[in-house]
Amino acid sequence: MVNDKSLHLLRVSLLFEESDEKRLCELLEMLKKYPAGIYDIAFFTNFVHIPYTLEEGLRRNEILSKYIKLFKEAGYNTGINHLTTIGHHEEDLSNGLGDKYSFMTGTDGRVCRGSYCMNDENYLNEYIVPLYEGLAKADPDFILVDDDIRYGHMPIGNGCFCDKCIEKFNKENGFDFTRESLVAKLNSGDLNIRKLWLKKQSEAIENILRLIGKTVRSVNENIILGIMTGERFSEGYRFDKWAEALSDGGKYEIMWRPGGGAYTDYRFDEIVEKCEQTGRQNAYLPKYVTKSQYEIENFPYQVIKKTPASTAIEAAWSMTSGCTGAAFNILPWETGEPLKVIEPHIKAIDKLLPLYELLKEKTAGKSPFGVGYAWKQEDILNVPEGGFINTWGGMYSDYAREMFDFGLPEAYHPDNTLVFLGKGRFAYSYTDEETEKLLKRGMYLDAQAISYLNSRGFKNLTGFEVKKEIPVDAREIYTEHKLNEGIKGGIRNGRQAFNKGDSYGFLPLNEKAETLTKTIDYHYNVTSECALGVFENEKGGKIAAAGYYPFSWVSDFYKSRQIINLMKYLSGFNLPSYVESFVRIRNHTFVDGEKITVSLLNPSNENYENITVAVKGDKESATFYNQKGENYKVNRISFDGKYSFFEIKNIPAYSIVLIEA
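None of these values were measured; they are calculated from a predicted model.

**Description of the pattern of salt bridges**
- Going through the model one piece at a time under the given rule, you end up with 48 salt bridges.
- Lys72 is paired through a salt bridge with Asp139; the nearest N and O atoms lie 3.3 Å apart. Placement of Lys72 in helix α2 (residues 54–73) and of Asp139 in the loop between α3 (121–137) and β6 (142–145) is noted, with a sequence separation of 67 residues between them.
- A relative accessible area of 41% means that Asp139 is categorised as partly exposed.

**Concerning the packing of helix α6 (residues 191–219) against helix α7 (residues 239–246)**
- Packing of α6 against α7 brings their axes to within 7 Å, and their N-to-C directions diverge by 25°. In terms of orientation, α6 lies roughly parallel with respect to α7. Crossing geometry of α6 relative to α7 is assigned as right-handed. Residues Ser202, Ile205, Glu206, Leu209, Arg210 and Arg217 of α6 touch α7, and the partners they reach there are Lys241, Trp242, Ala245 and Leu246.
- Classifying every residue of the contact of α6 with α7 gives 5 nonpolar, 1 polar and 4 charged.

**Comments concerning the sheet that holds strand β10 (residues 325–329)**
- Reading across the sheet, the 8 strands line up as β8-β7-β6-β3-β2-β1-β10-β9 and stay open at both edges, with parallel pairing between neighbours. Looking at the sheet topology across the chains shown, the edges are occupied by β8 (254–258) and β9 (293–297). Across this sheet, the average inter-strand angle for adjacent strands is 25°, counted without regard to direction.
- Relative to strand β7 (residues 224–229), β6 is paired through 4 bridges, and the arrangement is parallel. By the bridge assignment, Leu144 is partnered in β7 with Gly226.
- Packing of α6 onto the sheet brings it into contact with β6, β7 and β8, and relative to β7 it is tilted by some 155°.

**Structural notes on the side chain of His588**
- With respect to the secondary-structure elements, His588 resides in strand β23 (residues 585–592).
- For His588, a relative accessible area of 2% corresponds to the buried category.
- Only 2.7 Å separates the side chain of His588 from the side chain of Tyr412, close enough to count as a polar contact.
- If near-sequence neighbours (up to four positions away) are discounted, His588 is found in contact with Trp317, Thr320, Ser321, Pro368, Glu410, Tyr412, Thr597, Val598 and Ser599.

**Topic: the pairing of strand β3 (residues 77–82)**
- Burial of β3 is extensive: 6 of the 6 residues sit out of reach of the surface.
- Of the two faces of β3, both are covered, the one formed by Asn77, Gly79 and Asn81 as well as the one formed by Thr78, Ile80 and His82.
- In this structure, strand β2 (residues 38–44) lies alongside β3, joined through 5 bridges in parallel fashion. Along β3, the bridge assignment pairs Phe44 with Asn81.
- Remark: the β2/α2/β3 crossover connection has right-handed handedness.
- Bridge count for β3 against β6 is 3 bridges, and the pairing is parallel.

Rules of the game
- Residues numbered from 1 in each chain as written.
- Predicted model: local features only at pLDDT ≥ 70, side-chain atom pairs only at ≥ 80, totals over all residues.
- Heavy atoms only, no water.
- Salt bridge = Lys/Arg side-chain N within 4 Å of Asp/Glu carboxyl O.
- Helix = DSSP H or I, 4+ residues; strand = E, 2+ residues; numbered from the N terminus.
- Buried < 20%, exposed > 50% of the residue type's maximum accessible area, 1.4 Å probe, protein only.
- Axes fitted to C-alpha atoms, helices over the stretch in contact; angles between N-to-C directions.
- Parallel < 35°, antiparallel > 145°, perpendicular 65-115°, else oblique.
- Left-handed = near helix turned anticlockwise from the far one by under 90°.
- Contact = heavy atoms within 4.5 Å.
- Nonpolar A, V, L, I, M, F, W, Y, C, P; charged D, E, K, R; others polar.
- Pairing = 2+ DSSP bridges.
- Polar contact = N/O pair within 3.5 Å; in protein donor to acceptor, adjacent residues only side chain to side chain.
- Right-handed = clockwise from strand over helix to strand, strands pointing away.

Any functional reading would require information beyond the geometric quantities listed.
Right under this line is the structure:
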């Protein structure tokens, strides 16, 4: 990398008019005043979402070259963020490429006139090759490819079903599908056809990234390339393959920019959710991808909609989900409004620099350990019949978010996952061998997952079968069991009159299967003898069968305590940490040999005091770090034989603290 101090990146939109130069000089002065850990500058090539003409590209490249030189001389790694390789959506169509090339096409034959098919060889050779040659000649340190290299363009949805794509798919696989028959087959649930289609989707992206790499390096092989991603299940989520294509098999250094939504902080949980998504995006990246800058997306730059404090803390929390820094897309440029309106944001980022540097040392680029979804990169294969094309595959990797609201450590990569959460037919795309391997671990499964696994022949490993559904008036009551210590007789109510369904009773199939809860009606009549049970199978796997609102309405005191106890048990008491106090908090924990680093985010507007945190192992003392980068030693307050307990005096609202023991 040109500048090894690199932490954050700032993305700068341009109008490619004379007004840009004055504003860029103002921006340089602002960054001198508030450096904010920003060492990388990326200039957008466009501010509308369709590909511009090659002629316009040549004009813009000359301007880019001048500004790149200006910022390089100021000491920045300076590059290009190319917004529209194939195009995003329909915008400013009168100034686009028109219908010379094949448009991205939906299942019904409608097209997106703002994006073009990645399998159109003429488009690749006549447009993309000379386009990227021109970008490389502007002499950037790096070129970032934006996330239009994907499927999912308005108004057509996911995938391209143009004649070229269907012809290529048929030829490569010996099929004779029409658009209509292919869509019907994909929606039917045929696993083999779905796999082949995802392979086609991913390979088209791999091909275009390989072409971009070859083209740019033919001009200057020292230019570093990067790609922006999101929760791209419809292409198979094969970011490992994309990285291989862009880096020429790991030969060249590349950058990554995981992204998603969270355009405002009106609902702060959207920021937390996006960091979960980037945790998954980072999980399977090859080790040679050492720079992953999380996209802070405040587009379309309505500055009041996300506060400076939220913008700054979002960058910090991303550095605990596998990112090494942030790529800020926060600058209002097109509107011409004064840059001083964004100064509070830059100032807030600068103020958190000690925290960013701390996270760079302790957590950046690492994958946390704990409880995670039983998800696969190809999760979209599991979606039910009738919903393959335009269903978000994350329905099988994003259904238990509430379970992490009270301090359970969250994991994203299966190698770091100690307890797997399984829903419905999550295992539809798993082989029998893969499924049995999971069932040898700790698993928390809903009723539909139990039924599906049993139908696959794994009844002896699940320990339960679904006996009946209780569609109305069911409440959960805690039985006498060691995992229910202190909560026996407590009641949880999912309020089925408001929140339909999600209540089932189990039949234990083995004398070793134990009951933790029953269901009762409003008059304490038992409606199911087992609503939650645990079972240790012959393979050593610890299984929890959860029939009553297993992933939702779990935030009351009794249920949250039970879930913490349950996750400790299912992990074999190897959970690296958890929050003992009853507060809303997020937890990313990192394990390095005997050293455990716990990062905690307070995503609420409450200032928490005297919070107790459990860390695995016999740890007599720990080091605490606050957002100012200050640290101090504390002694544990107790030890239960498995976990050491420490007290944090204060976790302010919307802030992060670290514990290292």
